[in-house]
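# Descriptive structure summary
These are the residues of each chain, in order.
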Amino acid sequence: MKNRLFCYLIITANLMAMASCSTATKQTFEHAQPQNKGQTTPLPTLKNTDNTNWQYVASLSDEFNSTKVDEGKWTNSPEGWGPWSWTKDNVTVEDGNLNIALTYEKHQAVRRAYKDGGRKVTTDLFYKSGIIRSHEYQTYGYYEARMKGIPTFPGSSPAFWIYSLNDEISKMGLKGKHEGEATYSEVDIVELQQAEWDKNAPLGYDGANVIDMNLHTRIIENGKEIWKRPGKYPELTRNKIHADFDARDDFHIYGAEVTPEVIRWFIDGVQVAEKPNLHWHLPMHVTLSLGLRYPHVSYNNCPNGFVRCTVPEKATAEGYPSAMQVDWVRVYKKK
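Predicted, not measured: the structure shown is a model, and the values here were computed from it.

For the rest of this paragraph, the subject is the overall build of the chain. The helix and strand inventory of the chain stands at three helices and 21 strands. Within the chain, the proportion of its 335 residues that are buried is 57%. Sequence-distant contacts in the chain: of pairs separated by 6 or more residues, those separated by 24 or more amount to 74%. Accessible area of the chain: about 15400 Å², with a carbon and sulfur share of 47%.

Moving on, we come to the nonpolar core. Grouped together as the largest cluster of nonpolar side chains are 59 residues, with contacts concentrated most on Leu98, Phe160, Val187, Ile211 and Tyr254. Residues in contact with Leu98, not counting those within four places in the same chain, are Phe64, Val69, Val91, Thr92, Val93, Ile132, Leu288, Met324, Gln325 and Val326. In this structure, Trp54, Tyr56, Tyr142 and Tyr332 belong to the second largest nonpolar core, which totals six residues.

Before going further, it helps to spend a moment on the state of the cysteines. Applying the stated criterion across every chain, the model contains one disulfide. Across a sulfur-sulfur distance of 2.3 Å, Cys302 and Cys309 are joined as a disulfide pair. Sign of the S-S torsion, about -75 degrees for the bond between Cys302 and Cys309, identifies this disulfide as left-handed. Comparing Cys302 with Cys309 shows no difference in burial state: the two are buried.

Positionally, Ala109 belongs in strand β5 (residues 97–113). On the basis of relative accessibility, which here comes to 11%, the residue Ala109 falls in the buried class. In sequence terms Ala109 and Gly80 are 29 residues apart; their C-alpha atoms lie 8.5 Å from each other. In this structure Ala109 touches Ser85, Val121, Thr122, Thr123 and Leu125, once residues within four positions along its chain are discounted.

A few words on the pattern of salt bridges. Applying the stated criterion across every chain yields a total of eleven salt bridges. Between Lys128 and Glu105 there is a salt bridge whose closest N-O contact spans 3.7 Å. On the criterion of sequence distance, the pair formed by Lys128 in strand β6 (residues 119–129) and Glu105 in strand β5 is long-range, its members being 23 residues apart. Of the residues examined, Glu105 reaches a relative accessible area of 31% and is grouped as partly exposed. The salt bridge partner of Arg293 is Glu191, with a shortest N-O separation of 3.1 Å. Of this pair, Arg293 sits in the loop between β18 (284–292) and β19 (297–298) while Glu191 is found in strand β10 (residues 182–192), placing the two residues 102 residues apart along the sequence. Looking at Arg293, the relative accessible area reads 17%, which means it is buried. Here the residues in one salt-bridge network are Glu257, Arg264 and Glu274, joined through shared partners.

Before going further, it helps to spend a moment on unusual backbone geometry. Each neighbour pair has its own omega, and for Phe153 with Pro154 the value is -5 degrees, a cis peptide bond. You can see Pro154 is positioned in the loop between β8 (141–148) and β9 (156–163). Positive phi, normally seen in glycine, also occurs at Asn48, with a value near 55 degrees. Tracing the sequence through the fold places Asn48 in the loop between α1 (13–18) and β1 (54–56).

So, on to a nonpolar patch on the surface. A cluster of nonpolar side chains, contributed by Tyr114, Tyr299 and Val307, occupies part of the molecular surface with about 350 Å² of accessible area. Note on Tyr114: relative accessible area 55%, which makes it exposed.

To continue, consider the pairing of strand β21 (residues 322–334). With eleven of 13 residues buried, β21 is to be regarded as a mostly interior element. Here three bridges tie β1 to β21, and the two strands are oriented antiparallel to one another. The residue of β21 that forms the bridge with Tyr56 is Tyr332. Bridge count for β8 against β21 is seven bridges, and the pairing is antiparallel. Note on β21: the bridge partner recorded for Met147 is Val326.

Right, let's get into the confidence of the model for the chain. Mean pLDDT over the chain: 89, with 88% of residues reaching 70 or higher. Low pLDDT, under 50, characterises residues 1–29; the predicted model gives this stretch 77 contacts beyond four residues in sequence or across chains.

In this section: the pairing of strand β15 (residues 252–258). Taken across its seven residues, β15 has seven buried, putting it largely inside the fold. Bridge analysis of β8 against β15 gives seven bridges, and the strand direction is antiparallel. By the bridge assignment, Tyr143 is partnered in β15 with Ala256. Remark: three residues form the turn of the hairpin made by β15 and strand β16 (residues 262–267), two consecutive strands paired antiparallel.

The rules behind these values
Residues numbered from 1 in each chain as written. Predicted model: local features only at pLDDT ≥ 70, side-chain atom pairs only at ≥ 80, totals over all residues. Heavy atoms only, no water. Helix = DSSP H or I, 4+ residues; strand = E, 2+ residues; numbered from the N terminus. Buried < 20%, exposed > 50% of the residue type's maximum accessible area, 1.4 Å probe, protein only. Contact = heavy atoms within 4.5 Å. Areas by Shrake-Rupley, 256 points an atom, 1.4 Å probe, with all protein chains shown as cover. Core = buried A, V, L, I, M, F, W, Y, C linked by side-chain atoms within 4.5 Å. Disulfide = S-S within 2.5 Å. Salt bridge = Lys/Arg side-chain N within 4 Å of Asp/Glu carboxyl O. Patch = residues over 30% accessible without salt bridge, like charges linked within 9 Å, V, L, I, M, F, W, Y side chains within 5 Å. Pairing = 2+ DSSP bridges. pLDDT = per-residue confidence, 0-100.

Here is the structure:
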């Protein structure tokens, strides 16, 4: 962007103080050394395993060594769905990194009021962010990215995830129609700095050392589509990792292996979580994004039938623009 939005080193004493640590036991990680950036066919950074069994998928991977987003691999202008907007201007490639910025820009946008029949409503929004999503898709394989959090906290969450597109899987004839079948699959490889509510944390919410690696799906139950999400179905979908580092301070490698039987999550090549794969079998697209979070987003008493809504009294330009960084994303499938 013209004004070089990316204030990577703006970590003030106030921000550091806000990075509270949960009372839960932290997990210690030995920092993984990334492989040669730009290597033609890099291997996964998984430890204590035979990485030669993986085949690199170039169409879903990117070293971000160019000067702009590779539009042959990525789309970065999808339709908006949250209480902020996506804009191509907030996604750049510079100095070997993908940069996704969050900016304070009051504007209006159209959103669906899903609690009110899905009608479209024009609403006031206060922030713009960025996202890239792969054109190609995959289901089973290993996905990893070397990335760094956003300096501002709380307020936003860098994410690396894979998810299915409703229209696409419908055209493929893969969207569930019968009891127990899935109509949507999403694997959150990592969501950083979510600042989820936690009554045991000093500030009442998770610190920047808490890392979420969750699942989301919709299932046909009693003839209806039912969301299965971490809030109501933690045993099925939630993984909360308490790390010994602050995600804003340095790059780390976040990964997930998706198999027909199990999903495993990794940080710096070390496995940190595992869930049985009961519903995550649809084709999914690789995605990197920066979402808005507490205190700028609320799920309570939202007007117009919105599931999530803005918190106008908390909207501020302080701390913004600010950006997350991604060194590379690499995807593999079994040989």
